[in-house]
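# Chains, contacts and geometry: an overview
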Amino acid sequence: MSNKNTPIKKCLFPAAGYGTRFLPATKATPKEMLPVLTKPLIQYGVEEALAAGMDTMAIVTGRGKRAIEDHFDISYELENQIKGTSKEHYLTEIRSVITKCTFSYTRQIEMKGLGHAILCGETLIGDQPFAVVLADDLCDAPGKGVLSQMVELYKKYGCSIVAIEEIPKEDTNKYGVIAGNEIEPGIYMVKDMVEKPEPEVAPSNLAIIGRYILTPDIFNIIRETKPGKGGEIQITDALLAQAKKGMVLAFKFDGQRFDCGSIDGFVKATNYFYDKETKKEEATKKATGAK
């Protein structure tokens, strides 16, 4: 267990996967750079982390992922080209992100699972609690972002937390699934955690999605974790070991989540954010009396 008074300032983004479900689009473009409207998936995640008080983004990449590093950097040629024109405002958001955050990168040389990817980020994180965002799980919350909600919970309990949502029972073999005792509305103390169980043996229909807050002892636990489902080092196995030693919470967050690792989820997210932006523009026009 960690010190709950330690502020969470770092967010880890495992971004080394191949994105095979989006081939051939992801042959030369990282899946984290696929755009929903005009922003790549990973920028949504970084902005969510920034809103939750984190200013240090640690990104675990792989071969062919240079576009992520270039995105979170100044493009002098482009900036110079559009400076003083009507297009300059298009870069305002990303420029703000770059100014407010520090970005650091390391590589996952082999694809050995999410647990291994998180372990690869240890040199960037150090001995402090941190958040993890899987960029292809795109979340939108009506009030505070999902990570902001989780940070508040961490301040109360000071332990590792996973975000969960209810899913159809027949989909349990696509997710890590938890079982636990509900200690507050929507907050469960984890008793069991299984990676991609078949529906008939799943302990519940509460699935882990791509938002975590982890205490630094998780690194040593991952090191001791044997390869599990698919021969990979699973973060669910490490978290179950942590839950047995101390406490891990599962949190049913307030908000919507889109699985942008699937074409279906990606299209739904695009439509959702397009509708949201359109409504915002219409409200702005109405407020200012513009036509």
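Worth saying up front: this structure is predicted, and the values here are computed from it rather than measured. (Residues numbered from 1 in each chain as written. Predicted model: local features only at pLDDT ≥ 70, side-chain atom pairs only at ≥ 80, totals over all residues. Heavy atoms only, no water.)

## Some points on the overall build of the protein
For the protein, the count of helices and strands is ten helices and 13 strands. With respect to the three principal axes, the spread of C-alpha positions in the protein is 60 × 40 × 40 Å. For the protein, the proportion of contacts with a sequence separation of at least 24, taken over those separated by at least 6, is 76%. Of the charged side chains in the protein, 38 are positive and 39 negative; the average position of the first set lies 2 Å away from that of the second. (Helix = DSSP H or I, 4+ residues; strand = E, 2+ residues; numbered from the N terminus. Contact = heavy atoms within 4.5 Å. Lys, Arg positive; Asp, Glu negative; His and termini not counted. Charge placed at Lys NZ, Arg CZ, Asp CG, Glu CD.)

## Some thoughts on the UniProt feature "domain: Nucleotidyl transferase" (unreviewed entry) in the protein
Sites flagged by UniProt as "domain: Nucleotidyl transferase" (unreviewed entry) map to residues 15–271. Secondary structure over residues 15–271 splits into 32% helix and 26% strand, and the C-alpha atoms at its two ends are 24 Å apart. (UniProt positions renumbered as here; feature names shortened; annotations may be inferred.)

## Quick notes on the pairing of strand 4 (residues 56–61)
Across the six residues of strand 4, six count as buried, placing the element largely inside the fold. Of the two faces of strand 4, both are covered, the one formed by Thr56, Ala58 and Val60 as well as the one formed by Met57, Ile59 and Thr61. Here strand 4 runs beside strand 5 (residues 102–107); their pairing, made up of six bridges, is parallel. Bridge pairing links Val60 to Thr106 in strand 5. (Buried < 20%, exposed > 50% of the residue type's maximum accessible area, 1.4 Å probe, protein only. Pairing = 2+ DSSP bridges.)

## Digging into the nonpolar core
What tends to happen in soluble globular proteins is that the nonpolar side chains get buried as a cluster. Core analysis: the biggest nonpolar cluster contains 42 residues, and Cys11, Ile42, Val46, Met54, Met57, Phe72 and Leu147 have the highest contact counts within it. Per-element tally for this core: the top contributor is helix 7 (residues 146–157), with seven residues. The residues contacting Met57, other than those within four sequence positions of it, are Cys11, Phe13, Val46, Ala49, Leu50, Cys101, Thr102, Phe103 and Ser104. One finds Ile164, Ile208, Ala243 and Val248 within the second-largest nonpolar core, a separate group that totals 33 residues. (Core = buried A, V, L, I, M, F, W, Y, C linked by side-chain atoms within 4.5 Å.)

## Description of the pattern of salt bridges
Applying the stated criterion across every chain, the model contains 17 salt bridges. Linking Lys276 and Asp140 is a salt bridge whose minimum nitrogen-to-oxygen distance equals 2.8 Å. Linking Lys276 in helix 10 (residues 263–288) with Asp140 in strand 7 (residues 137–140), this pair joins segments that are 136 residues apart in sequence. With a relative accessible area of 33%, Lys276 lands in the partly exposed category. A residue is classified by how much of its surface remains accessible, and Asp140, at 13% relative accessible area, is buried. Residue Glu184 pairs with Lys156 through a salt bridge whose shortest N-O separation is 2.7 Å. Of this pair, Glu184 sits in strand 9 (residues 176–184) while Lys156 is found in helix 7, placing the two residues 28 residues apart along the sequence. On the accessibility criterion, Glu184 (25% relative accessible area) is partly exposed. (Salt bridge = Lys/Arg side-chain N within 4 Å of Asp/Glu carboxyl O.)

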